[in-house]
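Notes for the structure review
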Amino acid sequence: MDPFLHVIQIVPFSFLRPPRLRLKLPNFTLPSAMTVYSLILLTYFMVVSGIVYDVIVEPPGIGSTQDRFTGSVRPVVFLPGRVNGQYIIEGLSSGFMFVLGGVGIVMLDLALDKNRAKSVKVSYASAGVAFVVISYVMSMLFIRIKIPGYLR
């Protein structure tokens, strides 16, 4: 090592003393289970809705088509014939149906808790079954609108 550099590093600290700091680590509290669940559910909704696709491709929010007989312009929610393309509202509605089915499965799980009253368990179970059935039926309807001859 160069002696000049050694002197520059040693001499200032021969009469200067660094302060004694008493730093404490900040206290972070863990978020509640419901907060974590809500964030995961929101992330799931954004992923299955196609937010990444919407940001990259920038499709229109809703489409339109002209009626052959009357000539009036009608709104179109689903981009017909293209499986790999979507309008923004189409992705959001499909994502909502997927989240609704997931929440229905969570409610069915809550209905199995032994520490709840029977009326609450029945309510959870019936709401869970209803959510899953509605989600399935609407998702199949969305697919049949998007691809007219699907599963027929």
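Computed from a predicted model, the values in this text were never measured in an experiment.

Reading the values: rules and limits
Residues numbered from 1 in each chain as written. Predicted model: local features only at pLDDT ≥ 70, side-chain atom pairs only at ≥ 80, totals over all residues. Heavy atoms only, no water. UniProt positions renumbered as here; feature names shortened; annotations may be inferred. Helix = DSSP H or I, 4+ residues; strand = E, 2+ residues; numbered from the N terminus. Buried < 20%, exposed > 50% of the residue type's maximum accessible area, 1.4 Å probe, protein only. Axes fitted to C-alpha atoms, helices over the stretch in contact; angles between N-to-C directions. Parallel < 35°, antiparallel > 145°, perpendicular 65-115°, else oblique. Left-handed = near helix turned anticlockwise from the far one by under 90°. Nonpolar A, V, L, I, M, F, W, Y, C, P; charged D, E, K, R; others polar. Pairing = 2+ DSSP bridges. 1 Å grid on protein atoms, 1.4 Å probe; cavity = no way out; pocket = protein on both sides within 12 Å on 5 of 7 lines; lining within 4 Å. Points joined across faces, edges and corners; volume = space filled by probe spheres on them. Patch = residues over 30% accessible without salt bridge, like charges linked within 9 Å, V, L, I, M, F, W, Y side chains within 5 Å. Areas by Shrake-Rupley, 256 points an atom, 1.4 Å probe, with all protein chains shown as cover. Salt bridge = Lys/Arg side-chain N within 4 Å of Asp/Glu carboxyl O.

Here we come to the UniProt feature "transmembrane region" (unreviewed entry) in the protein. This chain's UniProt record puts "transmembrane region" (unreviewed entry) on residues 28-53, 87-112 and 124-145. As annotated, residues 87-112 comprises 88% helix and 0% strand, and the C-alpha atoms at either end are separated by 39 Å.

With that out of the way, let us pick up the environment of I10. Along the polypeptide, I10 turns up in helix α1 (residues 3-10). Among the residues examined, I10 registers a relative accessible area of 47% and is labelled partly exposed. As a C-alpha pair, I10 and G50 span 40 residues in sequence and 60 Å in three-dimensional space.

With that out of the way, let us pick up the packing of helix α5 (residues 88-110) against helix α6 (residues 118-146). The contact between α5 and α6 brings their axes to 7 Å, and the two run at 155°. In terms of orientation, α5 lies roughly antiparallel with respect to α6. Seen from above, α5 lies across α6 with left-handed handedness. Of the residues that constitute the contact of α5 with α6, the class distribution is 17 nonpolar, seven polar and two charged.

Before going further, it helps to spend a moment on the pairing of strand β1 (residues 63-66). Inspection of the sheet shows β1 paired to strand β2 (residues 73-76) by four bridges, in the antiparallel sense. Bridged to S64 within β2 is P75.

With that settled, the discussion passes to the layout of surface pockets. Its boundaries defined by the atoms lining it, the largest pocket holds a volume of some 280 Å³. In terms of lining, the largest pocket is formed by 14 residues, of which the most central are V83, E90, S94, I143 and K146. Of all the secondary-structure elements, those providing two or more residues to the lining of the largest pocket are α5 and α6. Per-element tally for the lining of the largest pocket: the top contributor is α6, with four residues. Considered class by class, the residues forming the lining of the largest pocket number seven nonpolar, five polar and two charged.

The next point concerns a nonpolar patch on the surface. Together, L108, V129, V133, Y136 and V137 make up a nonpolar patch on the protein surface, roughly 440 Å² of accessible area in all. Ranked by residue count, the leading element in the nonpolar patch is α6, at four residues. In this structure, Y136 sits in helix α6.

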